[in-house]
Amino acid sequence: MIINTGLIVFNVESGLAYSTGQQLLIADSVTDGKMVGTVINYDAGLGTMTVNVTSIVGSGTSSSSWRVNLNGIPGPIGPTGAGYTGSTGDTGESGSTGDTGSTGDTGSTGSTGSTGSSGDTGSTGDTGSTGLTGSTGSTGSTGSTGTTSSTGDTGSTGSSGDTGATGSTGSTGSTSSTGSTGATGATGEAASTGTTGATGATGFGSTGSTGATGDRYATTSTTSMSIGLGSKTFTVETGLAYSVGQQVLIANTSTDQMLGTITTYSGGSLTVNVTGTIGGPGPFVLWHVNLNGAPGPAGAMGNNGATGSSGPTGGIGNSGVTGSTGATGTNGSNGLNGNTGTTGYGSTGSTGSTGPGTICGGATANYVTKFTSATDICNSIIFDNGTNVGIGTSSPTYKLHVIGRIKTDNVNETSDTRLKKEVVTIGNSLLKIQQSRGVYFKWRTDEFKERNFDTTLQIGVIAQEIEKIFPEVV
């Protein structure tokens, strides 16, 4: 991974408690390279996380081993972690090969082996008995030639057997024995081995720097607990760096979470005063616990994606509502005046008695009146200036302008496509929504008493931040 700013995707563990808008610290476990950024998206099932990196320490290509955690407000210094031993430095260059030793003298030639002894002469065949002159006996076979010694000279050929007397053929002389093998000549002396070249110097790379101190906040708990406000106690690991007053996020999933402040931590028992919740109620038996860092600033807005192709034309809409009745025609001309009747003369009636009702002396123009008692009329909280109506304000800027909270069982908003024109798709709408930061907050009731703000914990967005992303809605 190259240390750089902008959108970067990391493969991390699945099932973590990260959510959009949280600020992260991403550190190389071998070098000092670091990146700080904001979570744009985290898929808890696949373990993929998209981060908008806004600041870096170091540069270039770093190792593939990264340590990822929330970049919250630093707590007190924790105990020293085991640390990682730096990687071994590169092996030094091998020394040059030594010179080849000189060639040894050639050994002397071994002496020639002695000549093998002559084979024995074959014995003379027996003389045949006298009788009729038989045919001439066949010549006895020649004795076999003695075998050549492996090193010495070839042994002499055995002599031919004598011709047998006339008569029966004499028996064949026996084969002479093979001469003994001459002795092997002495082996010449081996040439002396050349001297070995000098060994090259051993290389020694410098030891890598000590790895960063291990994280001592992230932990899990299997305490069975339902989501709710107030004091909650969880069993976690011992030896963590938590301290009283730190804010923690306790999550089962990205949609089931509790936010609160540490009141005690001792011997693996963590007690938290929960002030905000999401989802629930549970109970759940697996919790991911970690510091809840302050969300980082919204990342830079990405480029608009290409406009999608136009959708198919919708079906024919329902018939429009019947138009309003046309204006009444002008009145016909007046008829002729009738003759004036005779003037009547009646006596004036007596003055009626004064009614019991009164109007309060503090009545103000444009306020809608109300009965404050059975006989008195005075101002209500409704102000009508003829254009806008205000409740709790005498300067309404909308058709209905309310200062304070409202409650309703139903709100009908008109969103019919037949009533709209110049419709344009919002580019990168999902990314813009992901850049919007949801927050917990309380109203500054002491400074703005006239607004009748609620005093309980609220959930919503910051208008100035939304204005940078969707200026039209602010």
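Per-chain numbering applies: the sequence of each chain, read as written, is numbered from 1 onward. Restriction of local features to residues with pLDDT of at least 70 applies here, the model being predicted, together with a cutoff of 80 or more for giving and counting side-chain atom pairs; totals for whole chains, interfaces and linings are based on all residues. No hydrogens and no water enter the side-chain calculation; it runs on all heavy atoms of the structure.

(A) The arrangement of the overall build of the chain in detail. In this text, helices come from DSSP runs of H or I with a minimum length of four residues, and strands from runs of E with a minimum of two, each type numbered from the N-terminal end. Check the secondary structure of the chain and you find 2 helices and 18 strands. Exposed residues in this analysis have more than 50% of their type's maximum accessible area, buried residues have under 20%, and partly exposed residues fall in between, with area computed by a 1.4 Å probe over protein chains only. Every one of the 474 residues in the chain was classed for burial, and the buried ones make up 23%. By sequence separation, contacts in the chain at least 24 residues apart represent 62% of the contacts at least 6 residues apart. Here the Shrake-Rupley method, with its probe set to 1.4 Å, supplies the accessible areas, and only the displayed protein chains count as covering residues. Summed over all atoms, the accessible surface of the chain reaches about 33,000 Å², with 51% contributed by carbon and sulfur. Working rule for contacts: check all heavy atoms of both residues, and any pair within 4.5 Å makes them a contact.

(B) A nonpolar patch on the surface, seen in detail. Patch members must show over 30% relative accessible area and no salt bridge, and they are joined within 9 Å when carrying like charges or within 5 Å when they are nonpolar side chains of Val, Leu, Ile, Met, Phe, Trp or Tyr. Whenever Lys or Arg places a side-chain nitrogen within 4 Å of a carboxyl oxygen from Asp or Glu, that contact is recorded as a salt bridge. A cluster of nonpolar residues, Val368, Ile381 and Ile382, forms a patch on the protein surface that exposes about 240 Å² of accessible area. Along the chain, Val368 turns up in strand E13 (residues 367–371). With a relative accessible area of 35%, Val368 lands in the partly exposed category.

(C) The side chain of Gln246, seen in detail. Mapped onto the fold, Gln246 is located in the loop between strand E7 (230–235) and strand E8 (247–253). Residue classification places Gln246 among the buried residues on the basis of a relative accessible area of 9%. Think of a polar contact as two N or O atoms within 3.5 Å of one another; within protein, one of them needs to be a possible hydrogen donor and the other a possible acceptor, and neighboring residues in sequence only count if both atoms come from side chains. A distance of 2.9 Å separates a polar side-chain atom of Gln246 from the backbone nitrogen of Ser243.

(D) Inspection of the pairing of strand E2 (residues 23–28) at higher detail. With 5 of its 6 residues buried, E2 lies for the most part within the structure. As paired elements, E2 and strand E3 (residues 34–43) share 5 bridges and run antiparallel to each other. Along E3, the bridge assignment pairs Leu25 with Val36. We call two strands paired when DSSP finds no fewer than two bridges between them.

(E) Main features of the sheet that holds strand E4 (residues 48–57). Read from one edge to the other, the open sheet built from 5 strands follows the order E1-E4-E3-E2-E5, with strand pairing classed as antiparallel. Both edges of this open sheet fall to strand E1 (6–11) and strand E5 (66–70), since each of them pairs with a single strand only. Neighbour-to-neighbour, the strand axes of the sheet open up by a mean angle of 35°, direction not taken into account. Between N-to-C directions, angles cover 0 to 180 degrees, with each direction set by a line fitted to C-alpha atoms, over the stretch in contact for helices.

(F) A look at the sheet that holds E7. Pairing is antiparallel in the open sheet, where 6 strands are placed in the order E6-E11-E8-E9-E10-E7. Edge positions in the sheet fall to strand E6 (219–221) and E7, since each has one partner strand and no second. This sheet shows a mean twist of 35° between the axes of neighbouring strands, independent of strand direction. By the bridge criterion, 6 bridges tie E8 to strand E9 (residues 256–266) in an arrangement that is antiparallel. Directly across from Leu249, in E9, lies its bridge partner Leu259.

(G) Structural context of the confidence of the model for the chain. pLDDT: the predictor's confidence for each residue, scored from 0 to 100. Residues at a pLDDT of 70 or more form 55% of the chain, whose mean pLDDT is 75. Mean pLDDT per element in the chain: strand E12 (residues 358–359) is the minimum at 78, and strand E17 (residues 439–441) is the maximum at 96.

(H) Local environment of the environment of Asn366. Among the secondary structure elements, Asn366 is positioned in the loop between E12 and E13. Residue classification places Asn366 among the partly exposed residues on the basis of a relative accessible area of 43%. A C-alpha to C-alpha distance of 5.3 Å links Asn366 and Asp384, two positions 18 residues apart in sequence. Once you skip the residues sitting within four places of it in the chain, Asn366 turns out to touch Ile382, Phe383, Asp384 and Asn385.

(I) Spotlight on the pattern of salt bridges. Tallied over the entire structure, the rule returns 4 salt bridges. One salt bridge connects Arg437 with Glu465, and the closest N-O pair in it is separated by 2.5 Å. Separated by 28 residues along the polypeptide, Arg437 in the loop between helix H1 (429–435) and E17 and Glu465 in helix H2 (residues 463–469) bring together distant segments of the chain. Overall, the relative accessible area of 25% leaves Glu465 in the partly exposed class.

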